[in-house]
There are 2 protein chains.
Amino acid sequence: MKCAGTIDVRDVDESSINIDPIQVGGRLTADAMKAMIAYGDGYSVCDQCRKPFRLDYIRTPPIDQFHRDLASFVNMDTARVVPGARRGFQAVADAFISAGDPVLITALSHYTEVLAIEGRGGVIREIPKNESNIITSDLAAQKIEEVTREFRHSPTLLFLDHFDYQYGNCHEVEGIIRIAHQYDVPVLYNGAYTVGIMPVDGKKIGADFVVGSGHKSMAAPAPSGMLATTSEWAGRVFRTTGVTTDVTGRTFGIKEIGMMGCTLMGVTLMGMMASFPHVRERVNCWERELANGQKVVDALMAIEGTVIKSEYPRNHTLTRVDTTGSFDRVAQVHKKRGFFFSSALKGKGIAGIIPGATKVWKFNTYGMTGSQAEYLAAAFRDIARENGLAVTD
Amino acid sequence: MKCAGTIDVRDVDESSINIDPIQVGGRLTADAMKAMIAYGDGYSVCDQCRKPFRLDYIRTPPIDQFHRDLASFVNMDTARVVPGARRGFQAVADAFISAGDPVLITALSHYTEVLAIEGRGGVIREIPKNESNIITSDLAAQKIEEVTREFRHSPTLLFLDHFDYQYGNCHEVEGIIRIAHQYDVPVLYNGAYTVGIMPVDGKKIGADFVVGSGHKSMAAPAPSGMLATTSEWAGRVFRTTGVTTDVTGRTFGIKEIGMMGCTLMGVTLMGMMASFPHVRERVNCWERELANGQKVVDALMAIEGTVIKSEYPRNHTLTRVDTTGSFDRVAQVHKKRGFFFSSALKGKGIAGIIPGATKVWKFNTYGMTGSQAEYLAAAFRDIARENGLAVTD
């Protein structure tokens, strides 16, 4: 069925249990859907925009209050909305990095951090992961020392993912930030996989910047996200224009350079705002989410030859699994080859795994009910049994 | 009525004739609304994302084709979608400008161009406008000469608005670009007020970059927009990452630095795509739009003391008007003061003028029917007469 022109209707989240690693935290709430329908038109939030003509000052709809709520949600001093977490990385990179500056990421950092640094000509250095795929304080300390020796000054910035996109592993953010601060390295906490799905306390963590993703973890349309910071850094990352033009002598008020003025002037912001009361509540249900994920992980571990590549027990609903010794063995002899697996899942109403993938793949159980988790766990076990793999009870 | 939580329903475009200067070209088509409902969830366009994992390669929905269509729509070689025209400016500024470089804008340039240049430390120089508020080829030539003498090399880049946001005046873009090219100055054509509402031929104009705004002029949700360029510059502005990390040796495929990887991974893009077949057609109706605008402008000119500040006859539906000698005279003695005017308009079902504004203000008639234009024209005349202003027939 087409929804418009040649565009198919999308109903994967209505018709299936979706376990796509990046999609589950960004599904809209019913309130976001309603707000989206009301605020779909282009510049829909600008009806009541008055002096000083900036998005975060608009009172109707209550965008100004939302900005304060966002800051307090992650316990930071001030926040802005941005078109995706990546645009938060970019704004911070722009404010801090000059060409040739050493900038730290980790061995499990997301590619968008790399692009933000590369865009400013920063020299990227990775903090290694340990044998369990964890970024530790010790490894961070060692790397900061190394880089400081190499460049004769400490790194300009550190981008640190609390949970990484590859394993969904929990890294030692508090310890690492404490050490980074001993070397005066400001730290950007990448909360793309935390802000909006589990509690995040920026001050407790010690972060200089907290970045969240609306479309990844805050039940918001894309592109959306947030960048929060402390009073110490707000003036730098949210610096306002200082230009007076040469001919007309124009100035441009309090527009923020790093934000490029206003950022989300319509539906993306309204979706984010409408979901926010629900998002603020749902972060308190993280333990339940982990319990659901654990059921599925345990089912996979019960299938002979299957290896959970993520840390165990799980601290996140995103999990990396290696089924080279199980489902991929089936794929070698199945008439559908590797497609048997996604096809079998599809037959059971489960979506979100790349068709053909039977070796190393990821899934995310975020947002499902307990019975959906049990159904999914049973589905994995059943597909294994149906294809002759041993499953322990 | 609330649509979600504390958020009021927005129905200004359903309940009124909206003449807001920035909103009218961004109202969604019915198809965009339908696509938005289907693709509201966060990363909704990523279901079928396969290698090389980049937005403009996705075939289902037909995002790859849409990118080709966009390029051909403005007759350029290649195009990308961006989160608003401003992010197109930023990408070009990032690729060209180093600190201290002279960069040209015009006396009527939009503030987002200023921020893009300021963000890279460029030194901004304005091409003056003439006494009719037009940017001419002669003034451009003169300024390029001046700047070249001042900096001992020609400007790095020129940002040029075809129609400006203040007057909606038409500037001599073809002539200016021809001259800029004689000095080897690449030109970014800012089509925020053209692409999507009137025909734009980038090659004919000679533009090096064509930027359009989805939420301003392409009937798309915010933030959205496009950046198109020639084969000559595509490799520079859409350069791909070249990083190999030091510890893990990771590389990051063909992700584009200036785009920060993928840009519009959900509802904003789908709205833009669903509207596109209609947008492609509607640009051919520009003469009808101008005729509607002219009716309204003529009505305003018939009100004693009213001055049209934009060029006349009008070449755009966005018009700047000075009613200091008419409606503002009424405001001096009216019990509602300046609010009488927006209040009277509201009483007639007309929205989009800042409440209290009776001196210099702007309106945009884009997208209205002929009878709506006549109604609006009559409304202005009636409000004038009802308040004792002379109106010629």
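Quick caveat, the model's predicted, so the values are computed rather than measured. Within any chain, residue numbers begin from 1 and follow the written order of that chain's sequence. Chain labels run from A onward and ligand labels from 1 onward, assigned in the order the entries are written. Owing to the predicted nature of the model, reporting of local features is limited to residues with pLDDT of at least 70; listing and counting of side-chain atom pairs is limited to 80 or more, with chain, interface and lining totals taken over all residues. Side-chain numbers here rest on the full set of heavy atoms in the structure, without hydrogens or water.

Engineer: So what about the interface of chain B and chain A? Which residues, and what values?
Structural biologist: Throughout, a residue-residue contact means that at least one pair of heavy atoms, one from each residue, lies within 4.5 Å. Contact with chain B, which involves 94 residues of that partner, is made by 94 residues of chain A. Between chain B and chain A the total buried area reaches about 7,600 Å² when both faces are included, carbon and sulfur atoms providing 59% of it. Interface area lost by chain B to chain A is led by Arg 10, Tyr 43 and Met 260 of chain B, which between them contribute 11%. Within this document, salt bridges are pairs made up of a side-chain nitrogen of Lys or Arg and a carboxyl oxygen of Asp or Glu, the two lying within 4 Å of each other. Put simply, chain B and chain A have 10 salt bridges between them. Residue Lys 143 of chain A is joined to Asp 246 of chain B by a salt bridge in which the shortest nitrogen-to-oxygen separation is 2.6 Å. Here a polar contact is recorded for every N or O atom pair within 3.5 Å, except that within protein the pair must consist of a potential hydrogen donor and a potential acceptor, and residues adjacent in sequence are included only if both atoms are side-chain atoms. The interface formed by chain B and chain A includes 48 residue pairs in polar contact (both at pLDDT 80 or more). For any pair of parts, buried area is found by adding up, for both, the accessible area (1.4 Å probe) each one loses once the two are put together.

Engineer: Explain helix α6 (residues 137-151) of chain B to me, using residue names and the numbers behind them.
Structural biologist: Secondary structure elements are taken from DSSP: a helix is a run of H or I of four residues or more, a strand is a run of E of two residues or more, and numbering for both begins at the N terminus. The span one expects for a helix is its residue count, reduced by one, times 1.5 Å. A rise of 1.5 Å per residue sets the reference length of α6 of chain B, with its 15 residues, at 21 Å; its end C-alpha atoms lie 21 Å apart and thus fit the reference within 8%. Close packing links the buried residues of α6 of chain B with β5 (102-106), β6 (123-127) and α7 (173-182) of chain B.

Engineer: Give me the relation of the copies chain B and chain A: which residues, what numbers.
Structural biologist: Superposing chain B onto chain A takes a rotation of 180 degrees plus a shift of 0.0 Å along the axis, which leaves an RMSD of 0.0 Å. In short, the pair behaves as if placed about a two-fold rotation axis. For the least-squares superposition of copies, only C-alpha atoms count, and only for residues with pLDDT at least 70 in both.

Engineer: Residue-level account of the pattern of salt bridges, with values.
Structural biologist: Considering all chains together, one arrives at 51 salt bridges over all chains under this definition. Between Lys 204 of chain B and Glu 174 of chain B there is a salt bridge, and its shortest N-O distance comes to 3.3 Å. In this pair, Lys 204 of chain B is assigned in helix α8 (residues 202-205) and Glu 174 of chain B in helix α7, connecting sequence segments 30 residues apart. A relative accessible area of 57% means that Lys 204 of chain B is categorised as exposed. Assessed through its relative accessible area of 32%, Glu 174 of chain B is described here as partly exposed. Each of Arg 10, Asp 13 and Arg 27 of chain A together with Asp 41 and Asp 47 of chain B takes part in one network of salt bridges that share partners. Burial classification: accessible surface area is computed with a 1.4 Å probe over protein chains only, and a residue below 20% of its type maximum counts as buried, one above 50% as exposed, and the rest as partly exposed.

Engineer: Requested: an account of unusual backbone geometry, with residues and values cited.
Structural biologist: All names here are of chain B. Note the cis peptide between Lys 51 and Pro 52, where omega equals 5 degrees. For the peptide bond that leads from Thr 60 to Pro 61, omega is -5 degrees, which places it in the cis range. Within the fold, Pro 61 resides in the loop between α2 (30-38) and α3 (63-73). One non-glycine residue, Ala 219, lies in positive phi territory at about 55 degrees. By the secondary structure assignment, Ala 219 is in the loop between α9 (214-217) and β10 (225-229). A relative accessible area of 0% means that Ala 219 is categorised as buried.

Engineer: Describe the domain arrangement of chain A, and please don't skip the residues or the numbers.
Structural biologist: The parts lose accessible area when they come together, and the size of an interface is often stated as this lost area. Residue and element names in this part refer to chain A. What the domain assignment lists for chain A is domain 1 (2-24 + 285-386) and domain 2 (50-265). For domain 1 and domain 2, the distance between their C-alpha centroids amounts to 31 Å. Domain 1 puts 14 residues into the contact, and the matching count from domain 2 is 17 residues. Surface buried jointly by domain 1 and domain 2 totals about 1,200 Å² across both partners, of which 54% is contributed by carbon and sulfur atoms. Counting the surface domain 1 buries against domain 2, the share from its top three residues, Trp 286, Glu 311 and His 316, is 36%. Our enumeration of links across domain 1 and domain 2 arrives at 0 salt bridges. Among the elements that line the side of domain 1 that touches domain 2, the one with the most residues is strand β12 (residues 318-322), at 3 residues. Gly falls in the polar group here, along with every residue not listed as nonpolar (Ala, Val, Leu, Ile, Met, Phe, Trp, Tyr, Cys, Pro) or charged (Asp, Glu, Lys, Arg). Considered class by class, the residues forming the side of domain 1 that touches domain 2 number 5 nonpolar, 4 polar and 5 charged. Domain borders in the structure are assigned automatically or taken from a domain database.

Engineer: Hey, could you go over the pairing of β6 of chain B for me, with residue numbers and the actual values?
Structural biologist: Residues and elements named next belong to chain B. Burial analysis of β6 places 4 of its 5 residues in the buried class, the great majority of the element. In terms of strand pairing, β5 meets β6 through 5 bridges, oriented parallel. Looking at β6, one finds that Thr 106 is bridged to Ile 127. Any two strands between which DSSP finds at least two bridges are classified as paired.

Engineer: Residue-level account of the packing of helix α2 (residues 30-38) of chain A against α2 of chain B, with values.
Structural biologist: Between N-to-C directions, angles cover 0 to 180 degrees, with each direction set by a line fitted to C-alpha atoms, over the stretch in contact for helices. Look at α2 of chain A against α2 of chain B: their axes get within 10 Å of each other, and the N-to-C directions meet at 170 degrees. With respect to α2 of chain B, the axis of α2 of chain A lies roughly antiparallel. As for how α2 of chain A packs across α2 of chain B, the hand of that crossing is right-handed. Counting all contacts with α2 of chain A, which are made through Met 33, Met 36 and Ile 37 of chain A, the residues of α2 of chain B involved are Met 33, Met 36 and Ile 37 of chain B. Residues belonging to the contact of α2 of chain A with α2 of chain B are distributed by class as follows: 6 nonpolar, no polar and no charged. Put simply, angles under 35 degrees are roughly parallel, angles over 145 are roughly antiparallel, angles from 65 to 115 are roughly perpendicular, and the rest are oblique. By the definition used in this description, the sense in which the near helix is turned from the far one sets the handedness, with an anticlockwise turn below a right angle giving left-handed and a clockwise turn giving right-handed.

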